[in-house]
Amino acid sequence: GLLRVDHVGIAVPDLDEAIAFYAQIFGMRCVHEETNQEQGVREAMLAAGDDGTGARIQLLAPLRPDSAIAKFLDRSGPGLQQLAYTVADVEAAGAALRARGLRLLYDEPKRGTAGSRINFVHPKDAGGVLVELVQPA
Ligand code: V0V
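Please read these numbers as outputs of a predicted model, since none were measured by experiment.

Novice: Got a minute to help me understand unusual backbone geometry in this structure?
Specialist: Keep in mind that most residues, glycine aside, have a negative phi and that most peptide bonds are trans. Even without glycine at this site, Ala114 takes up a positive phi of about 55°. Mapped onto the secondary structure, Ala114 falls in the loop between strand E6 (110–111) and strand E7 (117–121).

Below, the structure written as structure tokens:
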């Protein structure tokens, strides 16, 4: 099942500008940054609070015009793009949702942030929310 909210993903046109905005305005620290070529993103994980238990926000900037984030920005502009839940076993969680009739976007999990394994539920099957399943490394 779903254990907790892992992060909320926000599409941004410029990653460095967005990191600076969140630091200056909300005092959120950047705790991780990476480029994921397969997903076509540069991403940064931001954390609230100092003890590692606070909310996490993933800023997502497009690497390519045909990427999921570039398409999202074209259609909707910057803003909330995904809601990610932590799961213990991404295959099992995905199989359970498939059995309940939801479309998973990938047959096999793909690589996500910090060596995690991820899959997504189609937003049309989840009330208009792109739901991500994250099995941390
Ligand atoms: C599209 N739609 C959304 C949506 N994206 N609704 C809610 N939230 C979103 N993010 C709606 C769209 O408005 C359409 O509604 C409908 O879904 C189908 O649109 P489409 O043209 O078929 O969709 P595309 O081509 O924009 O693709 C949508 C999907 C795509 C979700 C299939 O974005 C995708 O494959 N996403 C998974 C990968 C991803 O998001 N990677 C970036 C994050 P109407 O107009 O029909 O009503 S990478 C990441 O999270 C990492 C690395 C990590 O967490 O570690």
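Don't stop here, the text continues.
Novice: Which parts of the structure should I look at to understand the site of the ligand?
Specialist: In the vicinity of the ligand, 21 residues are found, and the nearest of them are Arg75, Gln82, Thr113, Lys124 and Glu132. Contacts to the ligand include Thr113, whose backbone N or O atom sits 2.7 Å from an oxygen atom. Contact between the ligand and Lys124: an oxygen atom at 2.7 Å from a side-chain N or O atom of the residue. Protein chains bury 72% of the 1,000 Å² of accessible surface belonging to the ligand in isolation. Elements with a contribution of two residues or more to the shell around the ligand: helix H2 (68–76) and strand E5 (79–86). Element by element, the count of residues in the shell around the ligand is highest for H2, at five residues. In terms of residue class, the shell around the ligand is built from eight nonpolar, nine polar and four charged.

Novice: Can you walk me through the pairing of strand E8 (residues 131–135) in this structure?
Specialist: For a regular strand, side chains alternate in direction, first toward one face of the sheet and then toward the other. Across the five residues that make up E8, a large majority, five, are buried. Of the two faces of E8, the one holding Val131, Leu133 and Gln135 and the one holding Glu132 and Val134 are both buried throughout. Examined bridge by bridge, E5 and E8 share four bridges and lie parallel to one another. Within E8, the residue paired with Leu83 across the bridge is Val131.

How each quantity is defined
- Residues numbered from 1 in each chain as written.
- Predicted model: local features only at pLDDT ≥ 70, side-chain atom pairs only at ≥ 80, totals over all residues.
- Heavy atoms only, no water.
- Helix = DSSP H or I, 4+ residues; strand = E, 2+ residues; numbered from the N terminus.
- Near = heavy atom within 4 Å.
- Polar contact = N/O pair within 3.5 Å; in protein donor to acceptor, adjacent residues only side chain to side chain.
- Areas by Shrake-Rupley, 256 points an atom, 1.4 Å probe, with all protein chains shown as cover.
- Nonpolar A, V, L, I, M, F, W, Y, C, P; charged D, E, K, R; others polar.
- Buried < 20%, exposed > 50% of the residue type's maximum accessible area, 1.4 Å probe, protein only.
- Pairing = 2+ DSSP bridges.

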